[in-house]
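Examining the three-dimensional arrangement
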Amino acid sequence: MYPGLSKACMNVILKAGSEKQKEMFTPKMFSGEWGGTMCLTESGAGSDVGALKTTATPMGDGRYKIKGVKIFISSGESDLYTNNVHLVLAKTPGAPDNAKGLSLFIVPRFRLEDGKTNNVVCSKVEHKMGIHASATCELQFGNAGESYGEMIGKEFDGMATMFIMMNEARLLCGMQGESQANLAYLLTLQYATERVQFANEIIKHPDVRRMLLKMRSISRGMRALNFYTMNLFDEAHKGGAAVQDEIALLTPICKAFCSEEGFNVAVEAMQVHGGYGFCTEYGIEQFARDIKIATIYEGTNGIQSVDFVMRKILKDQGKAFSLLGEKMRKDLTSPEAQIFSVEISTIGKNMEQAQKILGHFAGLAAKKQFDQILQSTNYFLQFSGNLVVSWLLLRGAILANKSKIGANKDDAQYYQTKIDDFKIFCQHHLTRNSGHSLSILNFDNVYSGMEL
Ligand SMILES: Cc1cc2nc3c(=O)[nH]c(=O)nc-3n(C[C@H](O)[C@H](O)[C@H](O)COP(=O)(O)OP(=O)(O)OC[C@H]3O[C@@H](n4cnc5c(N)ncnc54)[C@H](O)[C@@H]3O)c2cc1C
């Protein structure tokens, strides 16, 4: 997390900062001497960042006095760095009291001109369920003396500028879910080959095999999703709005789907370990404690799903989603895919269901019944995650099927696991979409009208 945040912070300065800011801040961040943070959250402003109260008062010399309290700041203070570069969202005098009134400021822990304290005080370290190696701090700006900052980007462009960092951090959440799931799977596989019950290693019991295969298929599926999305960044260098739109569409899926499923894999890993999974001895419970936060920070998964459906699909009139569908259809109808007839037919039916759900959402939007869309966005994000991952695993299975020919025994076995992953994913994960789809389409319950 420490280098990830620093890198994302540097990218903001490189993309939105002035030449002077780039020169002043980035060399020591590149070398690892200084670390970066992102400071959005306050006690009354979590998902609703626009409600924040931190102020930035101009001093007339290009600098601003920053005053306010940020909470839950990852890498907020540590001995790893000789200086911290905080990117702080704050409101200038008279700014609109919402997200459109936010501006972004660079506020160092120690002032660059004389190395003296800039009065950024860590007043609390959060006690967390997991990620204990990451210091999560409450930071006070301008309370123990003046904290000076300088604006980065234009006034009121704070959210857009901060999104450079947030989008990167969201993809990192996806990587967190995926990488921890893959490691949890490998450790669990090893445990299952060693633990004996009923005179057999538990890996031989069919129910344990089911859990392991499910874990492997989703973990590798998430990896395929993250790699596919990262590769789009390379394609984006060649230009083209369509690639940018595809990245924007897939970012909330990477973040929310991989963090949610990463947590599910961690829970399944504990189940395979039996009672030892619930105890700390084997360290497997740590995965569940560590992954869970990825469903909450960088915009909760609820917020991701709202962004996915309302902005990335409905506001875009489904254009990016349709283009992705075209790519999928091309692979599904390819001659090499036809040996997986059961699976490609299941994917095809899911694509039809996706169209029905989107038609349903569009109908509700036309009638301004937004609450009924918003109560289902989470399910549709999970639905879409399952769909996209099944397609990417199909591509892997097609490739593996070709590569198997003439391969040596070890390689052939590995390629076979890729084919199995695809089939298992369709059987155990993609089929859950029928439930999501029924829940969205077949009930007319309006949650906002129900008593709680
Ligand atoms: C370990 C850790 C590290 C963190 N690191 C940082 C950091 O480095 N920088 C930083 O600025 N922040 C950081 N955060 C804060 C984190 O981003 C917030 O906790 C998160 O955005 C949610 O805000 P909240 O906790 O106030 O929850 P709330 O916003 O109160 O949300 C509570 C629940 O309500 C739901 N909800 C709220 N509004 C809506 C809506 N409009 N539609 C649907 N559902 C909604 C949420 O999905 C959630 O389920 C960190 C938090 C933790 C725990």
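Note: the structure precedes this text.
The notes below deal with the structure included here. Just so we're clear, the structure is a prediction, and the values are computed from it rather than from any experiment.

Our next topic: the site of the ligand. The immediate surroundings of the ligand are formed by 18 residues, with T41, S47, F72, S74 and T300 found nearest. With respect to the ligand, the backbone of L40 contributes an N or O atom lying 2.9 Å from an oxygen atom. At a separation of 2.7 Å, a nitrogen atom of the ligand approaches a polar side-chain atom of T41. Relative to its free-state accessible area of 970 Å², the ligand is covered by the protein chains to the extent of 62%. By residue number, the principal contributor to the shell around the ligand is strand 3 (residues 63-74), which donates three residues. Of the residues in the shell around the ligand, the class split is ten nonpolar, six polar and two charged.

In this structure the tally under the stated criterion is eleven aromatic pairs. Pairing F361 with F380 gives two aromatic rings, centres 5.8 Å apart and planes at 90°, and the pair type is edge-to-face. Taken as a pair, F361 in helix 10 (residues 341-366) and F380 in helix 12 (residues 377-403) lie far apart in primary sequence, 19 residues in all. Assigned by exposure class, F361 and F380 land together as buried. Site record: aromatic cluster; members linked through ring pairs are F308, F321, F361, F380 and F383. Lying over the aromatic face of Y148, R63 brings its terminal NZ or CZ to 4.5 Å of the ring centre. Geometry around F263 places K292 over its ring, the cationic atom sitting 5.0 Å from the centre.

A word on the pattern of salt bridges. Considering all chains together, one arrives at 21 salt bridges under this definition. One salt bridge in this structure joins D61 and R63, with 2.9 Å as the shortest N-O distance. Assessed through its relative accessible area of 45%, D61 is described here as partly exposed. A residue is classified by how much of its surface remains accessible, and R63, at 28% relative accessible area, is partly exposed. Taken together, the salt bridges that share partners define one network made up of R216, R220 and D421.

Structurally, L430 is set in helix 13 (residues 409-430). Distance in space between the C-alpha atoms of L430 and N386 is 5.4 Å, their sequence separation being 44 residues. Leaving out residues up to four positions away in the same chain, L430 has contacts with T346, I347, N350, N386, L387, S390 and F425.

Grouped together as the largest cluster of nonpolar side chains are 74 residues, with contacts concentrated most on L225, F308, F380 and V388. If you tally residues by element for this core, the top one is helix 5 (residues 241-272), at 14 residues. In this structure F308 touches L249, P252, I253, I313, F321, F380, L381 and S384, once residues within four positions along its chain are discounted. A8, M10, V49 and V85 belong to the second-largest nonpolar core, a separate cluster that totals 26 residues.

Another aspect to go through is helix 12. For helix 12, with 27 residues, the first-to-last C-alpha span of 39 Å sits near the 39 Å given by 1.5 Å per residue. Of all 27 residues that make up helix 12, 19 are buried, and the element is covered over most of its length.

A turn of α-helix holds 3.6 residues, and therefore any two residues three or four places apart point the same way. For helix 13, built from 22 residues, the straight-helix expectation of 32 Å at 1.5 Å per residue is met to within 8% by its first-to-last C-alpha distance of 30 Å. Buried residues of helix 13: T417, I419, D421, F422, I424, F425, C426, H429 and L430, and no others. Packed against the buried residues of helix 13 are helix 4 (206-236), helix 10, helix 12 and helix 14 (432-441). Sitting at the head of helix 13, N408 places a side-chain oxygen 3.2 Å from the backbone nitrogen of D410.

Next up on the list: the pairing of strand 3. Pairing between strand 2 (residues 55-58) and strand 3: four bridges, direction antiparallel. What sits directly across from T55, in strand 3, is K67. When strand 3 meets strand 8 (residues 147-152), the two strands line up antiparallel, connected through four bridges. Within the sheet, the bridge partner assigned to K65 lies in strand 8 and is Y148. Of the pairings in the sheet, the one linking strand 3 to strand 7 (residues 136-141) comprises five bridges and is antiparallel in character. Paired with G68 across the strands is F141, a residue of strand 7.

What follows is about the packing of helix 3 (residues 158-194) against helix 5. Put simply, helix 3 and helix 5 touch, their axes get as near as 8 Å, and they point 20° apart. As the angle between them shows, helix 3 and helix 5 are arranged roughly parallel. Seen from above, helix 3 lies across helix 5 with left-handed handedness. Contacts from N167, R170, L171, C173, G174, G177, E178, A181, A184, T188, Y191 and A192 of helix 3 reach helix 5 at T251, C254, K255, C258, S259, G262, V265, A269 and V272. Of the residues in the contact of helix 3 with helix 5, the class split is eleven nonpolar, seven polar and three charged.

Each value, and the rule that gives it
By convention here, each chain's residues receive numbers from 1 onward along its written sequence. Only residues with pLDDT of at least 70 get local features here, since the model is predicted, and only at 80 or more are side-chain atom pairs given and counted; chain-wide, interface and lining totals rely on the full set of residues. Excluded from the side-chain calculations are hydrogens and water; all other atoms, namely the structure's heavy atoms, are used. Residues are counted as near a molecule or strand when any one of their heavy atoms sits within 4 Å of it. As used in this structure description, the phrase polar contact means that two N or O atoms lie within 3.5 Å; if the pair is within protein, one of them must be able to donate a hydrogen and the other to accept it, and residues adjacent in sequence are counted only when both atoms belong to side chains. Residue burial considers only the protein chains on display, and all accessible areas are found by Shrake-Rupley using a 1.4 Å probe. Helix and strand definitions follow DSSP, with helices as H or I runs of at least four residues and strands as E runs of at least two, each counted in order from the N terminus. Gly is put with the polar residues, along with every residue not named as nonpolar or charged; the nonpolar set is Ala, Val, Leu, Ile, Met, Phe, Trp, Tyr, Cys and Pro, and the charged set is Asp, Glu, Lys and Arg. The rule is short: rings of Phe, Tyr and Trp, with Trp giving its six-membered ring, pair when the centres are within 6.5 Å, and they are stacked under 30 degrees, edge-to-face over 60, tilted in between. Three labels apply to residues, based on accessible area from a 1.4 Å probe with only protein chains included: buried if under 20% of the type maximum, exposed if over 50%, partly exposed otherwise in between. Whether a charge lies above a ring is judged from NZ of Lys or CZ of Arg, which has to be within 6 Å of the ring centre and within 35 degrees of the ring normal. The rule for a salt bridge is simple: a side-chain nitrogen of Lys or Arg has to be within 4 Å of a carboxyl oxygen of Asp or Glu. Note on definitions: a residue-residue contact is assigned when non-hydrogen atoms from the two residues lie within 4.5 Å. Throughout, nonpolar core names a set of buried Ala, Val, Leu, Ile, Met, Phe, Trp, Tyr and Cys residues whose side chains join them through atoms within 4.5 Å. Any helix carries an expected span of 1.5 Å times its number of residues minus one. Pairing between strands is defined by DSSP: at least two bridges between them are needed. For every element, the axis is a line fit to its C-alpha atoms; helices are fit only across the contacting stretch, and the angle between N-to-C directions ranges from 0 to 180 degrees. Roughly parallel refers to an angle under 35 degrees, roughly antiparallel to one over 145, roughly perpendicular to one between 65 and 115, and oblique to any angle outside these ranges. The sense of a crossing depends on the near helix, which, turned anticlockwise from the far helix by less than a right angle, makes the crossing left-handed and, turned clockwise, makes it right-handed.

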